[in-house]
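Structural characterization, general
Now for the letters of each chain:
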Amino acid sequence: MTLPSGHPAPAFDLFNVYFERIYDPTMHLVFAFDGHLNEAVLRTATLRLLESDPCLRSRFTEGAGMPRWEEIPKVEWERAFVIIPSDGEGGEINAHSFPPETPPAPLNVRKGPQLRVTLLREEEGDQVTVTCHHGFCDAGGLRDLARQLFATCREIETDPDFRPASAGWYDRSMAPVLARFSAEEMQAAQKNEEPFVDRWHFPCERTGRGTPRIASRTLSPARLVRAKRFGKTHGATINDIMIAAFFLAFQKIRNDPTDIGAPRSLLTSADLRRFLDIPCGPEENASRTDTSLPMNRSVAFEVTLAAGEDAQLEDVIGQVTAVTKQRKAEGLGMGLGCILFYEEICAGGMPAVREFFDGMMQGYETIGQKNPVFSNVGIFREDDFLPQEGTDGTDGMDGMDETAGTDGRPLSLRDISFLPCVCWPYGFLMSLSTFRDAMTIVTAYEEGPYSGETVEEFLVLVDGYLP
């Protein structure tokens, strides 16, 4: 019997799969076009991306030893492409609001494949949702994958036989990052890394599971101008300003006197891609770098602040910039302690991994605390995903005649939205993304355990603290 082809699952993949114990690690990137794409081309591009990348066409498996990514049969690749007709009742996406109010269905990391492209066909234009699991890649990896998907569509429009270059089983681990540091530097990083301390949690009605929901608020480009002006005055980035507003809104929504003036923490992340230029993959594809392959390359760090009862943005922004400037000064060393922490646990095998997560969950259930998470997924630029050629809506799934049903009109993007992981108590996450200078804050949560009214009030507070 021939065993399926596979590859070890590195520490960051493993941990982001196991974080399913506190949230649903599925993420989505939703594109709203002003017309119709050629669905045959989109489907073919999806399947050819799987064909080019064995990691994409795999599932997360656990057996004897450590987990691995294992290829699935080709007949199962079809799960990667889904069409929802305009009169469908799939409930996958609420097309009447953007971002949608209900998240698409989760992606099953243990069934695969690790990509799902959903086409929602509406009269005013298509919505395309690119879905991944955080166990496979982070938000930066999801953006890279969407970029590859639409680039493949463009190539197929010109050459129906086009196939992306094969990636092979590439190194998804942090080994290329760790190779840049000496043993002494890594020892120092481990020694200096302070453990995360959970000090508070978002107000909840109860624990357990509920109904997935999405709440969002989009701020006008004028607000970005004001935020930049404030940032210039205080030596702060937009990311710093959002962290400060997130913190102040969290303190306000809790309305707990014990929070006033006391150290309280939140988690945020840094994408190491901006520091990386590391060739990976097969020797013949050494020109590719891991900045373009979908994987986990984000590290977490803690920001601890203290604020008075009536604190405003200018009262805490200095505390935020002090932390983020220190982290940036570390360069690639940013998050080294976090990487080594995960690697050390995985070195003890799955018993050590399960013991860690059991202890983490026991801690949450005992003290009822879980620091919130803020994630800035960055700026979405149209040029990364366009041009795309429109159709007259008559293209079908049979055959690959690229001229059939094509009106040749270049499509525009009406909007792009990132939908983060869905949380339930005690987890809570808010993300920020920017498109055409409009900033959108989004949180995905389960209603029931969390009150929808409280979540909406929280986003209003974040908005109110911003310039």
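Everything in this summary refers to the structure shown in the same document. From a predicted model like this one, the values you see are computed outputs, not experimental measurements.

1. Comments concerning the packing of aromatic side chains
Scanning all chains against the criterion turns up 30 aromatic pairs. With 4.8 Å between their ring centres and 65 degrees between their planes, Phe31 and Phe385 make a pair best called edge-to-face. Separated by 354 residues along the polypeptide, Phe31 in strand β3 (residues 26-33) and Phe385 in the loop between β12 (373-380) and β13 (389-391) bring together distant segments of the chain. Neither residue differs from the other here; Phe31 and Phe385 are each classed as buried. Aromatic pair Phe250 and Phe458: ring centres 6.1 Å apart, planes at 85 degrees, arrangement edge-to-face. Of this pair, Phe250 sits in helix α7 (residues 238-254) while Phe458 sits in helix α11 (residues 452-465); the two residues are 208 residues apart in sequence, bridging distant segments of the chain. Classification of Phe458 by relative accessible area gives buried; the value is 0%. One residue, Arg172, lies across the ring of Phe136, its end atom 4.3 Å from the ring centre. Cation over ring: Arg209 sits above Trp424, and NZ or CZ is 3.6 Å from the ring centre.

2. Quick notes on empty space enclosed by the protein
Going through the model one piece at a time under the given rule, you end up with two cavities of 30 Å³ or more. Computed from the structure, the largest cavity encloses a volume of approximately 40 Å³. Of the residues that constitute the lining of the largest cavity, the class distribution is four nonpolar, two polar and two charged. Along the walls of the second largest cavity sit Leu29, Ala139, Leu142, Arg143, Val377, Phe380 and Phe418, which together make up its complete lining. The leading source of residues in the lining of the second largest cavity is helix α3 (residues 139-158), at three residues. Partitioned by chemical class, the residues of the lining of the second largest cavity number six nonpolar, no polar and one charged.

3. A short note on the pairing of β12
For strand β10 (residues 264-271) and β12, the ladder comprises two bridges, and the chain directions are parallel. Bridge pairing in β12 links Leu267 to Val373. Sheet analysis places β12 next to strand β17 (residues 429-435), joined by seven bridges and oriented parallel. Considered in β17, the bridge of Ile379 is made with Thr434.

Conventions and cut-offs
- Residues numbered from 1 in each chain as written.
- Predicted model: local features only at pLDDT ≥ 70, side-chain atom pairs only at ≥ 80, totals over all residues.
- Heavy atoms only, no water.
- Phe/Tyr/Trp six-rings, centres within 6.5 Å; stacked < 30°, edge-to-face > 60°.
- Helix = DSSP H or I, 4+ residues; strand = E, 2+ residues; numbered from the N terminus.
- Buried < 20%, exposed > 50% of the residue type's maximum accessible area, 1.4 Å probe, protein only.
- Lys NZ or Arg CZ within 6 Å of the ring centre and 35° of its normal.
- 1 Å grid on protein atoms, 1.4 Å probe; cavity = no way out; pocket = protein on both sides within 12 Å on 5 of 7 lines; lining within 4 Å.
- Points joined across faces, edges and corners; volume = space filled by probe spheres on them.
- Nonpolar A, V, L, I, M, F, W, Y, C, P; charged D, E, K, R; others polar.
- Pairing = 2+ DSSP bridges.

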